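Chain and residue survey
What follows is the residue order along each chain.
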Amino acid sequence: MAFPKKKLQGLVAATITPMTENGEINFSVIGQYVDYLVKEQGVKNIFVNGTTGEGLSLSISERRKVAEEWVTKGKDKLDQVVIHVGALSLKESQELAQHAAEIGADGIAVIAPFFLKPWTKDILINFLKEVAAAAPALPFYYYHIPALTGVKIRAEELLDGIQDKIPTFQGLKFSDTDLLDFGQCVDQNRQQQFAFLFGVDEQLLSALVMGATGAVGSTYNYLGKKTNQMLEAFERKDLSLALNYQFCIQRFINFVVKLGFGVSQTKAIMTLVSGIPMGPPRLPLQKASREFTDSAEAKLKSLDFLSFTDLKDGSLEASS
Ligand SMILES: CC(=O)N[C@H](C=O)[C@@H](O)[C@H](O)[C@H](O)CO
Ligand SMILES: CC(=O)C(=O)O
């Protein structure tokens, strides 16, 4: 199906959901956040309410409001706003899908339900199909993240014939390190205009070689500019320069992974780099420690990733 939508490509930042110290969503910084991504990181696509956005830790009403705020503030600034609408309840997922369509989002993405799980490809497809049908005019992306959902149905298998079942299927967000599975998704769907979005930021270069058309990740919030330089080098076929960028990014990610890295730490790093307060995460996550933030800051400095220090003084505030 020639779906009348522009293809999602390049970097997509998995947005953080900013919170106040007392655990409420801090909507007031989202406008500033959009400007920061576009102007300072060169990132013009976002993925809202996913893993990084603590989407599954928000209430349905919060998810609706967060989605609305990003769409509103991103208007005429962002290229595409994709809303993650996955939930354990099919009904909630459908409600969110329909809502995403109403507010004018550019696409929806869904993870596999992860408590009572689908055990076969066909059951998972049936679930996804029911969600997609609630937003029949929106491009649909499957968000494959087996380590977190526990649903290990191979993406390659899932994609086989998927458009017959889900006509709005537009692509895959692949958050796994199995490059055989990812490569075969690309290889077996060359005829389609699918977006193949890779989700393991530290391995993006390998995925580009396998045919990734873009990437969704948490680090593009603050390493978007560096990663864009890698993408440009790759496009010019300057592989050794691209590899230099990837190694540089790896040195940082490797460093923080050893300290313990997740959504809480992403919030702390983004606050540090952008100067926009992301606040603490919501339970069951715990705020990153002071030691973590200090070490991460020192590492960012030593890798020369902190060339935005002027922004920490609030120079972005004028645009909020
Ligand atoms: C599990 C998880 O949150 N993965 C993110 C997105 O898929 C990535 O952006 C990672 O945060 C990143 O690759 C660092 O490991
Ligand atoms: C990383 C990503 O894609 C997410 O936060 O959902």
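Residues numbered from 1 in each chain as written. Chains lettered and ligands numbered in written order. Predicted model: local features only at pLDDT ≥ 70, side-chain atom pairs only at ≥ 80, totals over all residues. Heavy atoms only, no water.

Let us now look at the packing of helix α1 (residues 30-41) against helix α10 (residues 220-235). As a packed pair, α1 and α10 sit with axes 9 Å apart at the nearest point and diverge in direction by 20°. Overall, the two elements α1 and α10 adopt an arrangement that is roughly parallel. Along this stretch, α1 crosses α10, giving a crossing that reads as right-handed. Each of Y33, Y36, L37, E40 and Q41 in α1 lies in contact with α10, whose residues at this interface are Y220, N221, Y222, L223, G224, K225 and N228. Residue classes in the contact of α1 with α10 are distributed as six nonpolar, four polar and two charged. (Axes fitted to C-alpha atoms, helices over the stretch in contact; angles between N-to-C directions. Helix = DSSP H or I, 4+ residues; strand = E, 2+ residues; numbered from the N terminus. Parallel < 35°, antiparallel > 145°, perpendicular 65-115°, else oblique. Left-handed = near helix turned anticlockwise from the far one by under 90°. Contact = heavy atoms within 4.5 Å. Nonpolar A, V, L, I, M, F, W, Y, C, P; charged D, E, K, R; others polar.)

Moving on: α1. Here α1 contains 12 residues, and its C-alpha end-to-end distance of 15 Å stays within 8% of the 16 Å for a straight helix at 1.5 Å per residue. The buried fraction of α1 is high, at nine of 12 residues. Those residues of α1 that fall on the buried side of the exposure criterion are I30, G31, Q32, Y33, V34, D35, Y36, L37 and Q41. For α1, the secondary structure elements touched by its buried residues are β1 (10-14), β2 (45-48), α2 (60-74), α10 and α12 (263-274). Following α1 by one or two positions, G42 adopts a phi angle in the positive range, close to 65°. (Expected span 1.5 Å × (residues − 1). Buried < 20%, exposed > 50% of the residue type's maximum accessible area, 1.4 Å probe, protein only.)

Taken together, A14, F47, G50, T51, T52, Y143, K173, V216, G217 and S218 make up the full set of residues adjacent to ligand 2. Take T51: an N or O atom from its main chain is 2.8 Å from an oxygen atom of ligand 2. Measuring from an oxygen atom of ligand 2, one finds a side-chain N or O atom of K173 at 2.7 Å. Bound to the protein, ligand 2 loses 93% of the 210 Å² it would expose on its own. Judged by the proximity of its atoms to the pocket grid, ligand 2 belongs to the largest pocket. Taken together, the residues of the shell around ligand 2 break down into four nonpolar, five polar and one charged. (Near = heavy atom within 4 Å. Polar contact = N/O pair within 3.5 Å; in protein donor to acceptor, adjacent residues only side chain to side chain. Areas by Shrake-Rupley, 256 points an atom, 1.4 Å probe, with all protein chains shown as cover. 1 Å grid on protein atoms, 1.4 Å probe; cavity = no way out; pocket = protein on both sides within 12 Å on 5 of 7 lines; lining within 4 Å. Sits in = over half its atoms within 2 Å of the grid points.)

When the terminal C-alpha atoms of helix α11 (residues 239-259) are compared, their 30 Å separation across 21 residues agrees well with the 30 Å that a helix rising 1.5 Å per residue should span. For α11, the full list of buried residues reads A242, Y245, Q246, C248, I249, F252, I253 and V256. One side of α11 carries all its buried residues, which in axial view fall inside an arc of 155°. α11 presents S240 and K258 as exposed residues on the side facing more than 90 degrees away from its buried surface. Buried residues in α11 make contact with α9 (204-209), α10, α12 and α13 (290-302). At the C-terminal side of α11, G260 shows a positive phi close to 105°. (Arc of directions from axis to C-beta.)

Now for the site of ligand 1. What surrounds ligand 1 is the set T51, I145, K173, S175, G199, V200, D201, E202, G217, S218 and F261. Residue D201 places a main-chain N or O atom 2.9 Å away from an oxygen atom belonging to ligand 1. Taking S218, its side chain carries an N or O atom lying 2.8 Å from an oxygen atom of ligand 1. When atoms are counted within 2 Å of each cavity's grid points, the one that captures over half of ligand 1 is the largest pocket.

A word on the pairing of strand β5 (residues 140-144). Consecutive residues of a regular strand have side chains that alternate between opposite faces of the sheet. Counting buried positions along β5 gives five out of five residues, so the element sits mostly inside the fold. The alternating pattern of β5 places F140, Y142 and H144 on one face and Y141 and Y143 on the opposite face, and all of these are buried. In the sheet, strand β4 (residues 107-110) pairs with β5 via three bridges, with the strands oriented parallel. Of the residues in β5, the one forming a bridge with V110 is Y142. Between β4 and its parallel partner β5, the chain crosses via helix α4 (residues 121-132), and the hand of that crossover is right-handed. (Pairing = 2+ DSSP bridges. Right-handed = clockwise from strand over helix to strand, strands pointing away.)

Looking now at the confidence of the model for the protein chain. Averaged over the protein chain, the pLDDT score is 94; the fraction of residues at 70 or greater is 94%. Across residues 309-320 the pLDDT falls below 50, and counting only partners more than four positions away or on other chains, this stretch makes 16 contacts in the model. Confidence estimates for the predicted assembly give a pTM of 0.94 and an ipTM of 0.95. (pLDDT = per-residue confidence, 0-100.)

This chain's UniProt record puts "binding site: pyruvate" (unreviewed entry) on T52 and V216. Across 165 residues in sequence, these annotated residues keep their C-alpha atoms within 10.6 Å of one another, forming a single compact spot. As for the annotated residues, the ones lining the largest pocket are T52 and V216. Relative to the assigned elements, T52 resides in the loop between β2 and α2. Looking at T52, the relative accessible area reads 8%, which means it is buried. Contacts of T52, omitting those with residues within four sequence positions, involve A14, T15, I16, T17, S218, V263 and T266. Of note, V216 is situated in strand β8 (residues 214-217). (UniProt positions renumbered as here; feature names shortened; annotations may be inferred.)

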